[in-house]
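Close look at the chain arrangement
Residue strings, one per chain:
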Amino acid sequence: MRVIVVSIGLVLALVLTLLMFGLPVGESLGRLWEGAFGSEAALSRTLVKATPLLLTGLGMVIAWRAGMYNIGGEGQFIIGGLVGAALFKIAPSLAPGLLNVGILCATALGGALYALLAAWLQVSRGVQVVISTILLNFVAIQALDWAVSGPLRRADGRLPMTDVLPNPAMLQRFDRQTDLHSGVFVALLAALALFVFLYWTRAGFRIRVVGTNPRAARTVRVDAGRSQLLAMAISGGFCGLAAGIEYTGLTGQLDTGFSQQWGFLAIPVALLGGLNPIGTIGSSLYFGALFAGSENLARFTKSGSTMVYVIQAVAVLGFVGLQAWQQRRREASA
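The following refers to the structure shown. These numbers come from a predicted model, not from an experiment.

**A look at the packing of aromatic side chains**
Applying the stated criterion across every chain, the model contains seven aromatic pairs. Aromatic side chains F195 and Y199 sit 5.0 Å apart centroid to centroid with 40° between the ring planes, which places their arrangement in the tilted category. Pair noted here: F195 and Y199 are both in helix α7 (residues 183-200), with a separation of four residues, about one helical turn. Judged by its relative accessible area of 26%, F195 falls in the partly exposed class. For Y199, a relative accessible area of 26% translates into the label partly exposed. Each ring, one from Y286 and one from F287, has its centre 5.0 Å from the other, and the planes form 80°; the classification is edge-to-face. In this pair, the class of Y286 matches that of F287, namely buried.

Written as structure tokens, this is what we have:
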């Protein structure tokens, strides 16, 4: 029932946004569908757009489940990418397969350590993770600008960007006519793995208990701080891995525009997915399709991808309103 309600809400948010922009609903929906699913290339664009949204969204899911309201996915994404680029700079002669795996592991580790910093500040020093992760985003953005203009700058020194990864070190492409790469399946496996972890393991159960009722967690002698540190490490690891997949699957290099706000967009994706890994698959696919479809719609209108952000805002406001209404009903019935 919940899935049906959310799905209807997302469709209504889309229709409402089209009306707000003064666009013909039927024709616009057709353009969006054509750009998102109308061809093999369109479907590939949708899946590629959905991949970083899914991974960063999973990062938000596990952190928020532990009561750690991580707003730092953007910073963790950027730092992960920088650590991966640094590995390539240090060891460019590694075997391509080893280099690819090494970069993915390094990006996940970089994101995990950056998230752990914020978690440690809250658990050990009482610094709210919401504040620290927001501020660490700005540190990461400045670090990216400094690194691509300085120590990680390409060998010819012409532009503020890193050297290009060799093709053999990139993720596998299934068709050279599209951007679809094997990272899409890595993200899907990550979602399934997180679902199993959260709902089928003791560590996952502890994380959910800590996030739902810290007092009950203390009563049954669950170490809340330890669970929160673990959740934030996994959260940052997912965000860093998203950067690694973008780096080795699509861009092949880093510049000042490396992140496309994936870390910030992850929050509504996770919320609309019900803070559930399986639900996040659906919400990331929905927004991936909107991004891909809006590129096609932009050829015929002036709205472009701006419409996607408006749809996200409308959908999140509707979701919050629905949650508040359901909460009031539960309280009234109790």
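**Notes on helix α8 (residues 202-212)**
Of the residues making up α8, those classed as buried are G204, I207, V209 and V210. Tucked into the core, α8 has its buried residues touching α3 (40-65), α7, α9 (214-219) and α10 (224-251).

**Comments concerning the pattern of salt bridges**
Tallying each qualifying case throughout the model produces six salt bridges. With a shortest N-O distance of 3.7 Å, E27 and R31 are connected by a salt bridge. Here E27 and its partner R31 are both found in helix α2 (residues 25-37), four residues apart, which amounts to about one turn of the helix. Taking the relative accessible area as the measure of exposure, E27 reaches 48% and is therefore partly exposed. Classification of R31 as partly exposed rests on a relative accessible area of 22%. R154 is the salt-bridge partner of D156, the closest N and O atoms lying 3.0 Å from each other. Exposure remark for D156: the relative accessible area of 39% places this residue in the partly exposed category.

Cut-offs and rules
- Residues numbered from 1 in each chain as written.
- Predicted model: local features only at pLDDT ≥ 70, side-chain atom pairs only at ≥ 80, totals over all residues.
- Heavy atoms only, no water.
- Phe/Tyr/Trp six-rings, centres within 6.5 Å; stacked < 30°, edge-to-face > 60°.
- Helix = DSSP H or I, 4+ residues; strand = E, 2+ residues; numbered from the N terminus.
- Buried < 20%, exposed > 50% of the residue type's maximum accessible area, 1.4 Å probe, protein only.
- Contact = heavy atoms within 4.5 Å.
- Salt bridge = Lys/Arg side-chain N within 4 Å of Asp/Glu carboxyl O.

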